[in-house]
Protein chains: 2
Amino acid sequence: MKPLHTKFAAALLAFWLVASAQAAGPLPSWNDGPAKESIVGFVAKVTKEGGPDFVAPPERIATFDQDGTLWVEHPLYSQALFALDRVADLAGQHPEWQEQDPFKSVLAGDREAVAKFTEQDWVRIIAATQTGMTTTEFQAIVQDWLTKAKHPRFKRPYTDLVYQPMLELMAYLRANGFKTYIVTGGGQDFVRVYSEQVYGIPPEQVVGSTIVAKYEYRNGKPVIIREPKVFFITDRAGKPVSINLFIGKRPCAAFGNAGGDREMLEWATSGDGARLGMLVLHDDEEREYAYGPALGLPDTKVGKFTPELYDEAKQKGWLIISMKKDWKRIFPGENLK
Amino acid sequence: MKPLHTKFAAALLAFWLVASAQAAGPLPSWNDGPAKESIVGFVAKVTKEGGPDFVAPPERIATFDQDGTLWVEHPLYSQALFALDRVADLAGQHPEWQEQDPFKSVLAGDREAVAKFTEQDWVRIIAATQTGMTTTEFQAIVQDWLTKAKHPRFKRPYTDLVYQPMLELMAYLRANGFKTYIVTGGGQDFVRVYSEQVYGIPPEQVVGSTIVAKYEYRNGKPVIIREPKVFFITDRAGKPVSINLFIGKRPCAAFGNAGGDREMLEWATSGDGARLGMLVLHDDEEREYAYGPALGLPDTKVGKFTPELYDEAKQKGWLIISMKKDWKRIFPGENLK
């Protein structure tokens, strides 16, 4: 091939690469539509130097709820399923659990009873199964569970059941100078075990619910022990409070999927300048789950999205993401719809 | 000038630039000696890829106490002086303070009484003067005070009274892939106001003592209110606990100056691999202050460095930084000693 032909071929290749990257765009698993447009438009505005909505990079903070926003939360939060597995694992050391609720119902596999557990029941289960050990020991227990446990419907590890469109959204925001945080009602120490590997979010950018921890000595070495006492719940109004505590800045973008995220979105979007608030609506029974009860979707105790929240979102300009309409694929590696 | 001469001149200039940068070295305000050698040797070890002590960048965490480690803490912590000024500012709205201690002693300018204040006295003063407002209002009050207040001896703003060698150390660590954090017994919200500007440390990397905060509405807008209740004290064993809470990683380097930093240094240096623990000793009455009571230096209630801590540091290989011998200058802009 002559040099001129080589150059021509190289130019063609370069053109094709640029054209296909543009065709794919920054959010390849998102269908074109208002949700994708809002995201891209928001990012264009806040990154435009000299523009009226420009946000300096240190203030580009985006916060994401986890359960139901970044990964599957049905039939039950992963950490709750982890807690139930821990009850089974530890039952041999606790013969009294055979007669004591909530443990008795868990060991009997009584799903209806488990579905009705109160917050206090869950606190008892978590205290009995996820405290008393060092932070390092707890990390190893979680890591071990994550490699073995499989989701009851999808038969895949929980860390596979993350939403590909949200992974793309987080990467897109980071590529545009945003610092991405998880702000979850789930256990901070639990999520920190896999956040870097699964979401590209380092442990120090995971803000969650916490229990009291204690510095002490075991075998002459300092350790941090998980105590059976709630320290702080990062849910509802606790989300903006934890954001203030851990980040000290008001996010300009916030993403959630349920009532527990309402105040986080309110706090993020009531600041000055361009703001982005989004709620994921689970309306895709076929590929994932469908629950509300907003829009007449089935009611649920796990990740409830009420009609009131739906109305408030519409009124305040928070975008509703329809999993069914807005997402080409749900999980990584899945074929495009 | 001929091209050859130009090239020669450029080469000479490049040589001179490199040589002078090497002469200045990474820590120009540090005298040569064991402290500087330890720092440079530690950084060389943890950044040497393939070496036995290599630490991956995400694990390069360095934590710094603030008062007495990064800036002047005598005659009293800056935030305490801020609190005393706030009592004077607010006295007109609180006629009852004229008769009530601890306020009465503050308003009477009774330094001896103030020096004897208990922790409970300080909590009352802080509750009365630094709570009830929104977080944004508090930031503005601190900012305003910082621009006006002057240190009683040095007659300069407190934010000028930072230690130049420590600024260089933080910059040097960051240039080598470290993430630098402040971990202070002082108020987190107070330090966050100036941490970026003064230390190059963003608010989200400031971990301190905190009060309870509450999400509520004022004039129809969401706000976060500072409540008159202690949430967590990041001092002594509270330092490793807060490090675990906010960072979720064990630091490989920690810097302090007093008993309140003991557990932080112990926690940081008891991990595997290369570790660096350092304590600043205030032994320079002429340029700053001298207090211990370690090494027979005058005793103090503010930033006490006991003989027991000194012995433990020696035994555990924590380096003692002598302000007098190790530092060429104390404050930015000061002439070299």
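Residues numbered from 1 in each chain as written. Chains lettered and ligands numbered in written order. Predicted model: local features only at pLDDT ≥ 70, side-chain atom pairs only at ≥ 80, totals over all residues. Heavy atoms only, no water.

**Here we look at the relation of the copies chain A and chain B**
Step number 1: Superposition of chain A onto chain B requires a rotation of 180 degrees combined with a translation of 0.0 Å along the rotation axis, giving an RMSD of 0.0 Å. A rotation of that kind, with that shift, is consistent with a two-fold axis. Scanning chain A for the C-alpha nearest the rotation axis identifies phenylalanine 246 of chain A, at a separation of 3.4 Å. (Least-squares fit on C-alpha atoms with pLDDT ≥ 70 in both.)

**Digging into empty space enclosed by the protein**
A probe as big as a water molecule, rolled over the atoms, marks out the empty space that is left.
Step number 1: Going through the model one piece at a time under the given rule, you end up with four cavities of 30 Å³ or more.
Step number 2: Looking at the largest cavity, its volume works out to about 50 Å³.
Step number 3: If you go around the largest cavity, the residues you meet are Lys179, Tyr181, Glu204, Gln205 and Phe246 of chain A together with Lys179, Tyr181, Glu204 and Gln205 of chain B.
Step number 4: Among the secondary structure elements, those contributing two or more residues to the lining of the largest cavity are β2 (179–187) of chain A together with β2 (179–187) of chain B.
Step number 5: Looking at the lining of the largest cavity residue by residue, the classes come out as three nonpolar, two polar and four charged. (1 Å grid on protein atoms, 1.4 Å probe; cavity = no way out; pocket = protein on both sides within 12 Å on 5 of 7 lines; lining within 4 Å. Points joined across faces, edges and corners; volume = space filled by probe spheres on them. Helix = DSSP H or I, 4+ residues; strand = E, 2+ residues; numbered from the N terminus. Nonpolar A, V, L, I, M, F, W, Y, C, P; charged D, E, K, R; others polar.)

**Digging into the confidence of the model for chain A**
Step number 1: With 93% of its residues at a pLDDT of 70 or more, chain A shows a mean pLDDT of 94.
Step number 2: In the predicted assembly, ipTM is 0.92 and pTM is 0.93. (pLDDT = per-residue confidence, 0-100.)

**Some details on the packing of aromatic side chains**
Step number 1: For the structure on display, the rule yields 44 aromatic pairs over all chains.
Step number 2: Ring geometry for tryptophan 145 of chain B against phenylalanine 190 of chain B: centres 6.3 Å apart, planes inclined by 50 degrees, an arrangement best described as tilted. Pair noted here: tryptophan 145 of chain B is in helix α7 (residues 135–148) and phenylalanine 190 of chain B is in helix α9 (residues 188–192), with a separation of 45 residues, a long-range link.
Step number 3: Exposure remark for phenylalanine 190 of chain B: the relative accessible area of 2% places this residue in the buried category.
Step number 4: Through pairs of rings, three or more aromatic residues link up here, namely Trp71, Phe82, Phe138, Trp145, Tyr158, Phe190, Tyr194 and Tyr199 of chain A.
Step number 5: Sitting over the face of the ring of tyrosine 289 of chain B, arginine 153 of chain B holds its NZ or CZ atom 4.9 Å from the ring centroid. (Phe/Tyr/Trp six-rings, centres within 6.5 Å; stacked < 30°, edge-to-face > 60°. Buried < 20%, exposed > 50% of the residue type's maximum accessible area, 1.4 Å probe, protein only. Lys NZ or Arg CZ within 6 Å of the ring centre and 35° of its normal.)

**Quick word on the side chain of aspartate 65 of chain B**
Residues and elements named next belong to chain B.
Step number 1: Considering the arrangement of structural elements, one finds aspartate 65 in the loop between β1 (61–64) and α3 (78–90).
Step number 2: Within the local environment of aspartate 65, its side chain forms a polar contact with the side chain of threonine 69, the two groups lying 2.8 Å apart.
Step number 3: The residues touching aspartate 65, leaving out its near neighbours within four places in the chain, are Leu70, Val183, Thr184, Lys239, Phe255, Gly256, Asn257, Asp261 and Met264. (Polar contact = N/O pair within 3.5 Å; in protein donor to acceptor, adjacent residues only side chain to side chain. Contact = heavy atoms within 4.5 Å.)

**A word on unusual backbone geometry**
Residue and element names in this part refer to chain B.
Step number 1: Histidine 74 connects to proline 75 through a cis peptide bond whose omega is 5 degrees.
Step number 2: Residue placement: proline 75 occurs in the loop between β1 and α3.
Step number 3: Of the consecutive residues glycine 292 and proline 293, the connecting peptide bond is found in the cis state with omega at 20 degrees.
Step number 4: Of note, proline 293 is situated in the loop between β6 (276–281) and α13 (307–316).

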